[in-house]
Amino acid sequence: MSKNNWFIRAGENAYLFEEFKETQMIAIGWNEVGSLAQVRHIDDVKKRLRDEYPDYKDGKVNITAGQLIRFANEMKVGDLVVTYNPQTREYLIGEITSDYEFGEGVISDKNHHRKVLWNGLVNRDVLTANTRNSLGSIMTLFALQNETVKELIHFLKSKSAESFESQPEETEKEQAELDTIKEDVIERAHEFIKDKFNHLDWEEMQSLVAGILRGMGYKTRISVKGPDRGRDIIASPDGLGLQQPRIMVEVKHRKNAMGSNEIRSFIGGLRPGDQGVYVSTGGFTREAKYEAERSNIPVSLVDADLLVELINQHYDAFDSEAKSLMPLKKIYWPL
C-alpha cells in the first residue's frame, strides 16, 4: 500500500511543538465536532462544523472539513509526517504509528490525535528555496510533494546537514529558484486581485474605479444613473471638470469584451478638451482597440490586467472607501 506524506502545524505559532515532540503525538483542534471515528463523508463533517461554529463562512467550513477528514480518514499508519518550529527553524520528521483517536487530556486543548515515532530534525536553512516554499502553506494540515519529502529525508540521513555550506553555484541556483517563486507569487496575487474585483457588483466597481482615480490625485464626481444604468465618472483637479485635465470615464463590469460600436459611441460623446478612459473588466476586441487608437480625442482603454496594475501602483494613496472595496495586505520580499 502506497504511503502518503503530510505536514501538520503544531498550533498557532507552533506552541505545541515541544509537546508534539515529547509525547510522540500529533493533534488538531475543532473539538466541538466530536469524534470522527465513524465518519466517512465530508458532508457530515461540514454539517457538524456549521452546527458548532455558526460564524464560519462556507469557505472556512469547506477548508476545515477537508483538514479534519484527512486527519481522521486519509492519514494512515506508516505515513510520513512533518511539523515545524519557527523559533529554532527546524522541521521534525516522523512516522504515524496509530489510527485516529479522539479524547481529552492527551495534547493540551486539541482532542483529535494520532501517535507518531519521531525520527529526527532538519534545519530549514539547508533546504532549497523550492522546498522551503512548498512547506509554506498556512493550512493546518496538507499533503507534501514527493520532491519535498526526498530532500527532507536526504538531509535527515545526511551527517553533513548541520555543516552544510552553499557553494557559489548553489547560491546562484537558489537565487534563480527564489526569483521563480517570486514571479509565481506576483502572478497569483495579480489573479487573486482580479478574482476580488470580479465579485464586486456594478455600483461597487464604479466606486472602485473612482477610488483609483482619487488615489492618482484627482477629485471625482459620479454622474446620475443613465437609462442603461451606466454612470460616467468625471475626474479633474478641481472635481468639477473646470480645470484640465478633464477625464471622462465609462465603466463596464461585464464578462464580454467591448466592441468597436461601444468605443465609437463613447468617443462620440466626448467634447474638445476631454480625455477619455473606458474601463472594461471583460476586455476589448481588436476592433475596439483600433477605434481608440485612431480617435482624435485621447482615449485610454483599461482592461482587468491594467486595472490590477493601477491598483498596485496607487494603493497606498487609496482613501478608506476604496480600500474597503479592495482590502489588500502588503507583502515584503527579501532582495
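Report on the accompanying structure. (Residues numbered from 1 in each chain as written. Predicted model: local features only at pLDDT ≥ 70, side-chain atom pairs only at ≥ 80, totals over all residues. Heavy atoms only, no water.)

Counting its regular elements, the protein contains 11 helices and 12 strands. In terms of overall size, the protein is more extended than a compact globule, its C-alpha atoms giving a radius of gyration of 27 Å where 335 residues would be expected to give roughly 20 Å. Counting only C-alpha atoms, the protein reaches 75 × 55 × 35 Å along its principal axes. In the protein, which comprises 335 residues, the share counted as buried stands at 44%. By sequence separation, contacts in the protein at least 24 residues apart represent 62% of the contacts at least 6 residues apart. Element-wise, carbon and sulfur atoms account for 48% of the exposed surface of the protein, whose accessible area totals about 19,300 Å². (Helix = DSSP H or I, 4+ residues; strand = E, 2+ residues; numbered from the N terminus. Rg over C-alpha atoms; globule rule 2.2 N^0.38 Å. Buried < 20%, exposed > 50% of the residue type's maximum accessible area, 1.4 Å probe, protein only. Contact = heavy atoms within 4.5 Å. Areas by Shrake-Rupley, 256 points an atom, 1.4 Å probe, with all protein chains shown as cover.)

Of note, N13 is a non-glycine position whose phi angle comes to about 55°, a positive value. Locating N13 in the fold gives a position in the loop between β1 (5–8) and α1 (17–23). With a phi close to 60°, W30 is a non-glycine residue in the positive phi region. With respect to the helices and strands, the residue W30 is situated in the loop between β2 (25–28) and α2 (42–52).

A separate point is the side chain of T131. Within the secondary structure, T131 is located in helix α4 (residues 129–134). Taking the relative accessible area as the measure of exposure, T131 reaches 5% and is therefore buried. In this view, T131 contacts T148 and E151; residues no more than four positions away in its chain are not counted.

On to the sheet that holds strand β8 (residues 219–222). Here we have 5 strands laid out as an open sheet, ordered β8-β9-β10-β11-β12, and mixed in their pairing. Here the strands that pair on one side only, and so sit at the sheet edges, are β8 and β12 (299–302). If you compare each strand with its neighbour and ignore which way they point, the axes differ by 20° on average. Pairing of strand β10 (residues 246–252) with strand β11 (residues 274–280) involves 7 bridges; the strand directions are parallel. Bridge assignment links K252 to a residue of β11, and that residue is S280. (Pairing = 2+ DSSP bridges. Axes fitted to C-alpha atoms, helices over the stretch in contact; angles between N-to-C directions.)

Glancing now at the layout of surface pockets. Over the atoms a probe the size of a water molecule is rolled, and this reveals where empty space is left. Volume-wise, the largest pocket comes out at about 1,700 Å³. Residue lining of the largest pocket: 32 residues in total, with V185, I186, A189, I331 and W333 positioned closest to the centre. Broken down by element, the lining of the largest pocket gets its largest block of residues, 11 residues, from helix α6 (residues 168–198). Split into classes, the residues belonging to the lining of the largest pocket amount to 16 nonpolar, 7 polar and 9 charged. (1 Å grid on protein atoms, 1.4 Å probe; cavity = no way out; pocket = protein on both sides within 12 Å on 5 of 7 lines; lining within 4 Å. Points joined across faces, edges and corners; volume = space filled by probe spheres on them. Nonpolar A, V, L, I, M, F, W, Y, C, P; charged D, E, K, R; others polar.)

Let us look at the nonpolar core. Ranked by size, the top nonpolar core spans 34 residues in total, and within it F20, I26, L49 and V81 carry the most contacts. Contributing elements (two or more residues each) for this core: β1, α1, β2, α2, α3 (58–74), β4 (90–96) and β6 (110–123). When residues in this core are grouped by element, the largest group, 6 residues, is from α3. Not counting residues within four places of it along the chain, the set of residues in contact with F20 comprises I8, R9, A10, M25, I26, A27, T83, I107 and W118. (Core = buried A, V, L, I, M, F, W, Y, C linked by side-chain atoms within 4.5 Å.)

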